[in-house]
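Working through the structure, step by step
Okay, here's what each chain looks like letter by letter:
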Amino acid sequence: MNTSAAHATDAAGTPGRIVLLTTSHRVAPGLLSWPAWQALRAADRVLCADGAHPQLPYLREAGVAVAEAAPSAEELVAACAGGRTAVVVATGEGEPALTDGLARLAGSGRTAMPELELLPASYDLPGARLLDLVQVMDRIRAECPWSSRQTHRGLVKYGIEEAYELVEAIEDGDREELREELGDVLLQVVFHARIAEEDPDEPFSVDDVAGGIVAKLIHRHPHVFGEESATTPEEVKAHWLRTKAEEKRRTSVTQGIPLGQPGLALAAKLASRVRTAGLEVPLPRGEGIGYELLALAARAEAEGVDPETALRAAARAYRDAIRETEGSTAP
């Protein structure tokens, strides 16, 4: 084969062409780009080392003859002699042995090399890796002794912890930590959705979760997806509140406010609902720090300040001061 490879050009010096066709397992088989179909139909030979490759049935159905073969670099170069084109449908590993061999031949300078082309036949759409997360979670739920026994209630504490860790990453300005914590929060969503699939009475899936939030976002953004207009954040918020009120049909502005959230955030949320609804509700009078904090939270909300964030910022400054004092008094 090495002798043939050395004569890979024809008498006219035409070197031929090798096309390495890559596909994404996150895109349905057969949905290939037009350049990919052109290359496949024009090829003199189409090869694939994996006889179970998900693309093969669709290629053959489209009339493309695919040979199940794993040629060496020398054999593939020889197959292109006389200006022929060979298309290799890459396996999931990307054919590293073949590409390394071709690079070695090209670097030797002793072999007339065909034109080499890497042709992505399908591309991942934004969000495609979410499919991987769903698949991994499905397998973990089925095979992991710990994950397979978890319930919605059992995961509650982890959801709270991950949310706070995300807030900390945002406040620290740590981009790497932010990316990781967003992933941990996303895991909680996918984990709960996977557990929900097993409910005997009211099952739902991650697709139902995604479909619900998509429908909600579209409905609450008529200035984006409908005919209404909004040019300021205030107008956008007005749209949001109006459509939300239409959806929920609540009898009280307090409905939907989780009482389990931190106290300052809860107080600010109640004050926000009262102010937005145009209600005149005096703060309750009472003795003690709780009523003082309630008044401070209501004042902060009225001034456009999130009291929970403001207190955390002050607490972080206090922490830094403590560390500075500890450092100055250390032996």
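Criteria and thresholds
- Residues numbered from 1 in each chain as written.
- Predicted model: local features only at pLDDT ≥ 70, side-chain atom pairs only at ≥ 80, totals over all residues.
- Heavy atoms only, no water.
- Helix = DSSP H or I, 4+ residues; strand = E, 2+ residues; numbered from the N terminus.
- Buried < 20%, exposed > 50% of the residue type's maximum accessible area, 1.4 Å probe, protein only.
- Phe/Tyr/Trp six-rings, centres within 6.5 Å; stacked < 30°, edge-to-face > 60°.
- Pairing = 2+ DSSP bridges.
- Expected span 1.5 Å × (residues − 1).
- Contact = heavy atoms within 4.5 Å.
- Salt bridge = Lys/Arg side-chain N within 4 Å of Asp/Glu carboxyl O.
- Patch = residues over 30% accessible without salt bridge, like charges linked within 9 Å, V, L, I, M, F, W, Y side chains within 5 Å.
- Areas by Shrake-Rupley, 256 points an atom, 1.4 Å probe, with all protein chains shown as cover.
- pLDDT = per-residue confidence, 0-100.

**Notes on unusual backbone geometry**
Unlike most non-glycine residues, Glu95 shows phi in positive territory, near 60°. With respect to the helices and strands, the residue Glu95 is situated in the loop between strand E4 (85-89) and helix H5 (96-108). Note on Glu95: relative accessible area 13%, which makes it buried.

**Observations regarding the packing of aromatic side chains**
All chains considered together, the criterion is met by two aromatic pairs. Summarising the aromatic geometry, the rings of Trp146 and Phe191 are spaced 6.5 Å apart at their centres and angled 65° between planes, so their arrangement reads as edge-to-face. One end of the pair, Trp146, is in the loop between helix H6 (129-143) and helix H7 (152-172); the other, Phe191, is in helix H8 (residues 175-196), and 45 residues separate them in sequence. By relative accessible area, which is 5% here, Phe191 ends up buried. Counting every residue linked through ring pairs, the aromatic cluster contains Trp146, Tyr158 and Phe191.

**Here we look at the sheet that holds E4**
The strands making up a sheet associate through backbone hydrogen bonding, with each pair oriented either parallel or antiparallel. Ordered by their spatial adjacency, five strands build an open sheet running E3-E2-E4-E1-E5, and the pairing between neighbours is parallel. Either end of the sheet is taken by a strand with one partner, and the two such strands are strand E3 (67-68) and strand E5 (115-120). When strand E1 (residues 17-22) meets E5, the two strands line up parallel, connected through six bridges. In the sheet register, Arg17 faces E5, and the bridge partner there is Glu115.

**Comments concerning helix H12 (residues 263-277)**
For an α-helix, the turn length of 3.6 residues means that residues three or four places apart are oriented alike. Here H12 contains 15 residues, and its C-alpha end-to-end distance of 21 Å stays within 8% of the 21 Å for a straight helix at 1.5 Å per residue. Restricting attention to buried positions, one finds in H12 the residues Leu264, Ala265, Leu266, Ala267, Ala268, Ala271, Ser272 and Arg273. Close packing links the buried residues of H12 with helix H11 (233-248), helix H13 (289-302) and helix H14 (307-329). Two residues or fewer after H12 comes Gly278, characterised by a positive phi angle close to 75°.

**Things to note about the pattern of salt bridges**
By the definition in use, this model includes 16 salt bridges. Across the pair Arg316 and Glu171 runs a salt bridge, and its minimum N-O distance is 3.7 Å. Placement of Arg316 in helix H14 and of Glu171 in helix H7 is noted, with a sequence separation of 145 residues between them. Of the charged contacts, one joins Arg275 and Glu301 as a salt bridge, the two residues approaching to 2.5 Å between their closest N and O atoms. Residue Arg275 is located in helix H12, and its partner Glu301 is located in helix H13; the two are separated by 26 residues in the primary sequence.

**Details of a nonpolar patch on the surface**
A cluster of nonpolar side chains, Ile213, Val214, Leu217, Ile218, Val224 and Phe225, forms an exposed patch at the surface whose accessible area comes to about 530 Å². When contributions to the nonpolar patch are tallied by element, the ones reaching two or more residues are helix H9 (206-219) and helix H10 (222-225). Among the elements that take part in the nonpolar patch, H9 stands out by supplying four residues, more than any other. Note on placement: Leu217 falls in helix H9.

**Observations regarding the pairing of E1**
As a general feature of sheets, a regular strand has side chains that alternate between the two faces. Two elements, E1 and E4, share five bridges in a ladder whose sense is parallel. Within E4, the residue paired with Ile18 across the bridge is Ala86.

**Structural notes on the confidence of the model for the protein**
On average, residues of the protein score 89 in pLDDT, and 95% of them are at 70 or above. Element-level mean pLDDT values for the protein span from 44 in helix H1 (residues 2-5) up to 97 in H8.

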